[in-house]
Protein chains: 2
Amino acid sequence: MTAQRRAILEELRGTDAHPSATELYEMVRRRLPRISLGTVYRNLEIMSEEGLALKLEHAGAECRFDGNVAPHSHVRCLGCGRISDVPMDIPRELVAGAAKASGYRIAGCRLEFDGWCRKCGRKRRGRCGADGA
Amino acid sequence: MTAQRRAILEELRGTDAHPSATELYEMVRRRLPRISLGTVYRNLEIMSEEGLALKLEHAGAECRFDGNVAPHSHVRCLGCGRISDVPMDIPRELVAGAAKASGYRIAGCRLEFDGWCRKCGRKRRGRCGADGA
DNA sequence: CTCCTATTAGTAACCATTATCATTATTAAC
DNA sequence: GTTAATAATGATAATGGTTACTAATAGGAG
Ligand SMILES: [Mn+2]
Ligand SMILES: [Mn+2]
Ligand SMILES: [Zn+2]
Ligand SMILES: [Zn+2]
């Protein structure tokens, strides 16, 4: 394992912010100023194949990465873009229902939420007062 | 409503293949050979804002569009990339659970499945015989 | 018809991600 | 430790889906 890969993994494990490749690049650059963005992408790809990291291909946005490889879902804030964990199991019968309804053999599934984080929700209520303070 | 927009919407409503912008462009081009790809993108964007079409920003792939605006989920075949409908409701208590677990006010959610369509599943079983003929 | 505004076709720009490749680091063998 | 084989790196170019720009066109109100 190279110094670059180790640094990327350590930075990834040291945050719960689900950074993008570019953000991780900036983080690692503080330690290894000569690392290149391509190296970050390459190693994130390798580590997500090896199960050391999770590649979050959340719909309609750049990829983000997660050092927490336990299965869990995510919410994205519609205000600030932050992605937070949703520690929640997807009911088995939901997957079974999808298999039955579609005729596919289901191999995996993702549950993605959009919403408003506490900070953005507060700002929003303050601004329009429309949704039951 | 321009001829271009009408043609795009009609083509979209005439298929359940969830075409990409480029695929739709090829379809519409048979009727309006001088239409441009930019026009297709622009009108799909407008129509999805107006609720006439659905923009599917499926994780890690190009956008696809859906003329069926009723809420439903999708499966993507890991073999051929086809996207099929999964007529299924997302249980309310799942959303409530996510709100509680994350602290976000949930505004929407997507359930995406990956799997093997009947055709690709058959080919796959034929090739390796590993998963219960 | 004439003016006005919206829309179009064509093309350039954008930006996240991948590919390429000469150089450099790591590993294994001696 | 030296050497040879192999793998990874940094720098940069290429890719591909999407958006932005702009001059030309279409079409509706008066
Ligand atoms: Mn996470
Ligand atoms: Mn559909
Ligand atoms: Zn927020
Ligand atoms: Zn298939």
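Let's talk about the protein's contact with DNA strand C
Link 1 in the chain: Within the structure, DNA strand C sits among 14 residues, and Tyr41(A), Cys63(A), Thr2(B), Thr39(B) and Arg42(B) are positioned closest to it.
Link 2 in the chain: Here, DNA strand C places atoms within 4 Å of the protein, and 82% of those atoms are sugar or phosphate.
Link 3 in the chain: One of the side-chain nitrogen or oxygen atoms of Tyr41(A) is found 2.4 Å away from a phosphate oxygen of DNA strand C.
Link 4 in the chain: The side chain of Arg42(B) places a nitrogen or oxygen atom 2.5 Å from a phosphate oxygen of DNA strand C.
Link 5 in the chain: Secondary-structure elements contributing two or more residues to the surface near DNA strand C are helix H1 (3-13) and helix H3 (37-49) of chain B.
Link 6 in the chain: If you tally residues by element for the surface near DNA strand C, the top one is H3(B), at 3 residues.
Link 7 in the chain: By residue class, the composition of the surface near DNA strand C is 4 nonpolar, 5 polar and 5 charged.

Quick notes on the sheet that holds strand S3 (residues 73-77) of chain A
Link 1 in the chain: Here we have 6 strands laid out as an open sheet, ordered S4(A)-S3(A)-S5(A)-S5(B)-S3(B)-S4(B), and mixed in their pairing. At either margin of the open sheet sits one strand with a lone partner, and together these are strand S4 (83-86) of chain A together with strand S4 (83-86) of chain B. Pairs of neighbouring strands in the sheet enclose a mean axial angle of 30°, with direction left out of account.
Link 2 in the chain: Sheet contacts for helix H4 (residues 92-102) of chain A: strand S5 (105-116) of chain A together with strand S3 (73-77), S4 and strand S5 (105-116) of chain B; angle to S5(A), the most-contacted strand, approximately 115°.

Some words on the relation of the copies chain B and chain A
Link 1 in the chain: Overlaying chain B on chain A yields an RMSD of 0.1 Å, the required transformation being a rotation through 180° with an accompanying axial translation of 0.1 Å. The operation mapping one copy onto its partner corresponds to a two-fold rotation axis.

A look at the coordination of the zinc ion (ligand 3)
All names here are of chain A.
Link 1 in the chain: In the first shell of the zinc ion (ligand 3), the protein supplies Cys 77 (SG), Cys 80 (SG), Cys 117 (SG) and Cys 120 (SG), at 2.2 to 2.4 Å from the metal.
Link 2 in the chain: One can describe the donor arrangement at the zinc ion (ligand 3) as tetrahedral, given that its 4 donor atoms subtend angles of 102 to 118° at the metal.
Link 3 in the chain: The motif formed by the donor residues of the zinc ion (ligand 3), counted along the single chain, is C-x2-C-x36-C-x2-C.

Brief notes about the coordination of the manganese ion (ligand 2)
Link 1 in the chain: Taken together, the protein donors to the manganese ion (ligand 2) comprise His18(B) (NE2), Asp66(B) (OD), His72(B) (NE2), His74(B) (NE2) and Asp85(B) (OD), at separations of 2.0 to 2.2 Å.
Link 2 in the chain: Among the residues examined, His74(B) registers a relative accessible area of 6% and is labelled buried.

Focus on the domain arrangement of chain A
All names here are of chain A.
Link 1 in the chain: Along its sequence, chain A is organised into domain 1 (1-69) and domain 2 (71-133).
Link 2 in the chain: Measuring from the centre of the C-alpha atoms in domain 1 to the corresponding centre in domain 2 gives 23 Å.
Link 3 in the chain: Across the boundary between the two partners, domain 1 contributes 13 residues, which contact 10 residues of domain 2.
Link 4 in the chain: Applying the counting rule to domain 1 against domain 2 returns 0 salt bridges.
Link 5 in the chain: Inspection of the domain 1/domain 2 interface yields 5 residue pairs in polar contact (both at pLDDT 80 or more).

About the criteria used
- Residues numbered from 1 in each chain as written.
- Chains lettered and ligands numbered in written order.
- Predicted model: local features only at pLDDT ≥ 70, side-chain atom pairs only at ≥ 80, totals over all residues.
- Heavy atoms only, no water.
- Near = heavy atom within 4 Å.
- Polar contact = N/O pair within 3.5 Å; in protein donor to acceptor, adjacent residues only side chain to side chain.
- Helix = DSSP H or I, 4+ residues; strand = E, 2+ residues; numbered from the N terminus.
- Nonpolar A, V, L, I, M, F, W, Y, C, P; charged D, E, K, R; others polar.
- Pairing = 2+ DSSP bridges.
- Axes fitted to C-alpha atoms, helices over the stretch in contact; angles between N-to-C directions.
- Contact = heavy atoms within 4.5 Å.
- Least-squares fit on C-alpha atoms with pLDDT ≥ 70 in both.
- Donors = N, O, S within 2.8 Å, 3.2 Å for Na, K, Ca; no water.
- Tetrahedral: all angles 85-135°; square planar, octahedral: opposite > 155°, others 65-115°.
- Buried < 20%, exposed > 50% of the residue type's maximum accessible area, 1.4 Å probe, protein only.
- Domains from an automatic or database assignment.
- Salt bridge = Lys/Arg side-chain N within 4 Å of Asp/Glu carboxyl O.

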